[in-house]
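Chains, contacts and geometry: an overview
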Amino acid sequence: MHRTLPSFMDMYRDLIAAPSVSCLEPTWDISNRQVIELLGLWLSSLGFHVEIQELERQAGKYNLLASIGPEPTDGSAAGLLLSGHTDTVPWDEGRWTRDPFTLTEADGKLFGLGSADMKGFFAFVIEAVRDLDLSKLKKPLRILATADEETSMAGARELHRFANLKPEYAVIGEPTNMVPVRMHKGHSTDCIRITGKSGHSSNPAAGVNAISIMHEVLGSLKTLEQSLKDKFHEPAFEVPYPTLNFGHIHGGDAANRICACCELHMDMRPLPGMRIDTLNDMLNGALAPIRERYPNALDIIAMHEPIPGYETKADAALVRLAEAISGQNAEPANYCTEAPFIHDLGCETIVMGPGSIRQAHQPDEYITLAEIKPAQQQLRELIVKTCF
Ligand SMILES: [Zn+2]
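Residues numbered from 1 in each chain as written. Predicted model: local features only at pLDDT ≥ 70, side-chain atom pairs only at ≥ 80, totals over all residues. Heavy atoms only, no water.

**Some words on the coordination of the zinc ion**
Protein-derived ligands of the zinc ion are H85 (NE2), D117 (OD), E174 (OE) and E174 (OE), with the metal-ligand distances lying across 1.9 to 2.8 Å. In this structure, the zinc ion is coordinated by four donor atoms arranged in irregular fashion, with angles at the metal of 52 to 141°. Each donor residue of the zinc ion lies on one chain, and together they are spaced H-x31-D-x56-E. You can see H85 sitting in strand β3 (residues 80-85) and its partner E174 sitting in the loop between β7 (169-172) and β8 (181-184), a full 89 residues away along the chain. The pair H85 / E174 is uniform in exposure class, with both members buried. (Donors = N, O, S within 2.8 Å, 3.2 Å for Na, K, Ca; no water. Tetrahedral: all angles 85-135°; square planar, octahedral: opposite > 155°, others 65-115°. Helix = DSSP H or I, 4+ residues; strand = E, 2+ residues; numbered from the N terminus. Buried < 20%, exposed > 50% of the residue type's maximum accessible area, 1.4 Å probe, protein only.)

Here it is in structure tokens:
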């Protein structure tokens, strides 16, 4: 039917063979252009209108939006957006027993970097669309491919640059074993840096000891942790409150010197609906008395742009539909996705895709052959129910 479109397995193989590692470490980081070009080629051959945008925040990285079907004339939200990220994490050299860029079939599995998380999803989507009569679409069907999800979510932060991107429903195909996910917490990582004044340990009062100040900071943060726990609650999560974690601390160099610098790295995970601003205000408020006591000694530095939490209501039409199609109840996830940014387009948003999160970011990443046909069928049903 579509002579220019490769088979499902050939698309899968080509996607895995096109390296698209994103990494904050520049020696690992590469452009996702090859993946974007493959998708552009295949989706245009199916009749989609394809737009490719280079990111403003990240040269050499691209988002792709492919659209087909009638747009509503009144500019209202309509149709379905199927979304995924084109990048992968780096691979552990020596821990893979197979070439990460060669799709390999063995033991009822397909191995390859990005096979589950989540380049393979695009092959699923295209396969689901392949035999549909797209001239019969009543609502727009859109496919979005983003860049740099694994690092800064830079691609998802630039969706406003696509004109008229107003889906009614969105599904992000991260590996959930096709279980619908309707909410997750947000994530922010901060460095608290205390700058004191060094000196000889024989007179501790001659300097300003950064470790001592950090001790006070930790006390205040423990109080903040407790009040987050007391004030906010979402029973759907296994950990039903916002969390705060101390992950790394370093200060000083020698026992006989007054410590001049101490750094704490911590992460916070707000509940859906909590604004990042609110969380930052709480953090600043908790440390304000220490700032007053030690002027210019305390800095709070965001280590990456925070990701908000998000929630689509349990009784939303898309959640109900996905539950019916998959036969599984919607769940919260304990990891972050691009969902909050896509949700901001104004659409009901879920995360649901083939493969398991347990294989994501692991050596010998795979999906099972057994899940291929059911997932293709379920995706096709989603498209038919929302767009035809
Ligand atoms: Zn992913």
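**Quick word on the pattern of salt bridges**
Overall, the coordinates contain 23 salt bridges when judged by the stated rule. Among the ionic pairs, D10 bridges to R13, the shortest N-O distance being 2.7 Å. With D10 and R13 both in helix α1 (residues 8-17), this residue pair falls three residues apart, about one helical turn. In this structure, E71 engages R142 in a salt bridge whose closest nitrogen and oxygen atoms are separated by 2.7 Å. Residue E71 is located in the loop between β2 (62-68) and β3, and its partner R142 is located in strand β6 (residues 141-146); the two are separated by 71 residues in the primary sequence. (Salt bridge = Lys/Arg side-chain N within 4 Å of Asp/Glu carboxyl O.)

**Quick look at the nonpolar core**
Core analysis: the biggest nonpolar cluster contains 58 residues, and L39, F48 and L141 have the highest contact counts within it. With eight residues, helix α3 (residues 120-130) is the largest single contributor of residues to this core. Every residue in contact with L39, bar those within four places of it in the chain, is listed here: L15, L64, T86, F122, I126 and A145. Counting 27 residues, the second-largest nonpolar core is a separate cluster that includes V217, M268, M274 and A297. (Core = buried A, V, L, I, M, F, W, Y, C linked by side-chain atoms within 4.5 Å. Contact = heavy atoms within 4.5 Å.)

**Brief notes about unusual backbone geometry**
Going from D117 to M118, the amide bond is cis rather than trans, its omega being -15°. In this fold, M118 is placed in the loop between β5 (109-111) and α3. Backbone geometry at D107 places phi at a positive 55°, although glycine is not the residue there. Looking at the secondary structure, you find D107 in the loop between β4 (104-106) and β5. Taking the relative accessible area as the measure of exposure, D107 reaches 66% and is therefore exposed. At M153, a position not held by glycine, the phi torsion is positive, near 55°. On the secondary structure map, M153 appears in the loop between β6 and β7.

On their own, these measurements won't tell you what the molecule is for.
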